[in-house]
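Coordinate analysis (summary)
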Amino acid sequence: ALMKQSKGTMKHFAHEANILERARTAREGVEILTKLTEKYGQAWNSIMFEIGDPQELWIVEIANKQWVARRYTNCYTVRTNQFQITDDYEICSD
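My aim in this report is to walk through the structure given alongside it, one point at a time. Just so we're clear, the structure is a prediction, and the values are computed from it rather than from any experiment. (Residues numbered from 1 in each chain as written. Predicted model: local features only at pLDDT ≥ 70, side-chain atom pairs only at ≥ 80, totals over all residues. Heavy atoms only, no water.)

**Some remarks on the environment of A69**
For clarity, the cut-off: For helices the rule is a DSSP run of H or I covering at least 4 residues; for strands it is a run of E covering at least 2, with both sets numbered from the N terminus onward. Think of it in three bands: residues with accessible area under 20% of the maximum for their type are buried, residues over 50% are exposed, and the middle band is partly exposed, with areas taken using a 1.4 Å probe on protein chains only. Throughout, a residue-residue contact means that at least one pair of heavy atoms, one from each residue, lies within 4.5 Å.
Note that A69 resides in strand β3 (residues 66-72). Among the residues examined, A69 registers a relative accessible area of 0% and is labelled buried. Taking the C-alpha atoms as reference, A69 lies 8.1 Å from V30; in sequence the two are 39 residues apart. With near-sequence residues (within four places) excluded, A69 lies in contact with V30, W58, I59, V60, I85, Y89, E90 and I91.

**A few points about the pairing of β3**
As a reminder, the rule being used: A pair of strands is labelled paired if DSSP reports no fewer than 2 bridges between them.
Two strands pair when backbone bridges link them, and strand β2 (residues 57-63) and β3 are joined in this way by 7 bridges, in the antiparallel orientation. Opposite E61, over in β3, you have V68 as the bridge partner. Adjacent in sequence and paired antiparallel, β2 and β3 are bridged by 2 residues, among which N64 carries a positive phi angle near 55 degrees. When β3 meets strand β4 (residues 91-92), the two strands line up antiparallel, connected through 2 bridges. Paired with A69 across the bridge in β4 is I91.

**Concerning helix α2 (residues 26-40)**
Basically, it comes down to this: Each residue after the first adds 1.5 Å to the expected span of a helix.
With 15 residues, α2 extends 21 Å between its outermost C-alpha atoms, agreeing within 8% with the 21 Å of an ideal straight helix rising 1.5 Å per residue. G41, located one to two residues past α2, shows a positive phi value of around 80 degrees.

**Quick notes on the pattern of salt bridges**
Note the threshold: A side-chain nitrogen of Lys or Arg and a carboxyl oxygen of Asp or Glu constitute a salt bridge if their distance falls within 4 Å.
The final tally for this structure, using the stated rule, is 4 salt bridges. Of the charged contacts in the structure, one is a salt bridge between E56 and R71, with a shortest N-O distance of 2.4 Å. Of this pair, E56 sits in the loop between β1 (47-52) and β2 while R71 sits in strand β3, placing them 15 residues apart in sequence. Using a relative accessible area of 37% as the deciding quantity, one classes R71 as partly exposed. Its salt-bridge partner being D88, residue R70 comes within 2.8 Å of it at the nearest N-O pair. You can see R70 sitting in strand β3 and its partner D88 sitting in the loop between β3 and β4, a full 18 residues away along the chain. Exposure remark for D88: the relative accessible area of 31% places this residue in the partly exposed category.

Written as structure tokens, this is what we have:
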């Protein structure tokens, strides 16, 4: 079941619960997250998600209903509490 806020947007824990319930891979998690984001938006001004599996890690940065995502493999990454993806993203919203 989708967990929505009263104004129709979703809080981050609702996104996380839906990804954990439905995704089998990191890429599937990104697809779930981005579809929910485009439909419901994000309750906070902006937020970043890290979605990983043994093969890859995806960083998804969201502001309302807009998002960008970048894929990482064979590396370590450390993220701060600010957006860092510039024009080096793999996929994005329209």
